[in-house]
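# Reading the structure
The primary structure of each chain is shown beneath.
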Amino acid sequence: PGALNLDIHKGQGFVYMVEELDPNKNYYVYCAAGIRSANACSIMKQLGIEKTYNLSGGLSNWDGPMDA
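The following paragraphs examine the structure supplied in this document. (Residues numbered from 1 in each chain as written. Predicted model: local features only at pLDDT ≥ 70, side-chain atom pairs only at ≥ 80, totals over all residues. Heavy atoms only, no water.)

Okay, the overall build of the chain next. Summing up its helical and strand segments, the chain has 2 helices and 2 strands in all. Of the regular secondary structure in the chain, the N- to C-terminal order runs α-β-α-β. Over its C-alpha atoms the chain spans a radius of gyration of 12 Å, differing by no more than 12% from the 11 Å that the globule rule assigns to 68 residues. Once the C-alpha set of the chain is aligned to its principal axes, its extents read approximately 30 × 20 × 20 Å. Buried residues in the chain amount to 25% of all 68 residues. Within the chain, contacts between residues at least 6 apart in sequence are counted, and of these 57% link residues at least 24 apart. In the form shown here, the chain has an accessible surface area of approximately 5,100 Å², with 52% of it arising from carbon and sulfur atoms. (Helix = DSSP H or I, 4+ residues; strand = E, 2+ residues; numbered from the N terminus. Rg over C-alpha atoms; globule rule 2.2 N^0.38 Å. Buried < 20%, exposed > 50% of the residue type's maximum accessible area, 1.4 Å probe, protein only. Contact = heavy atoms within 4.5 Å. Areas by Shrake-Rupley, 256 points an atom, 1.4 Å probe, with all protein chains shown as cover.)

Structure (structure tokens):
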């Protein structure tokens, strides 16, 4: 609940959406393989959001429960 789907491939649109985020919150970022989410975390940190956490290996390495 409350999750956001931000597409790193939206370029400046992604940057605009990240700039609207609260920089004091934690952000848990994931994608299918972990590469796009790692890049997203890097951009987010450049924009002042320090508390980003990438799901290493992405959802393909996740073995926990998932809700659709």
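With that settled, the discussion passes to helix α1 (residues 12-19). Within α1, burial applies to Phe 14, Val 15 and Val 18. Each buried residue of α1 sits inside an arc of 100° when the element is viewed along its axis, so together they form one side. Lining the buried residues of α1 we find α2 (35-46). (Arc of directions from axis to C-beta.)

Turning our eyes to something else, we now look at a nonpolar patch on the surface. Residues Tyr 30, Leu 59, Trp 62 and Met 66 make up a contiguous nonpolar surface patch of about 440 Å² in total accessible area. Here Leu 59 lies in the segment after β2 (52-54). (Patch = residues over 30% accessible without salt bridge, like charges linked within 9 Å, V, L, I, M, F, W, Y side chains within 5 Å. Salt bridge = Lys/Arg side-chain N within 4 Å of Asp/Glu carboxyl O.)

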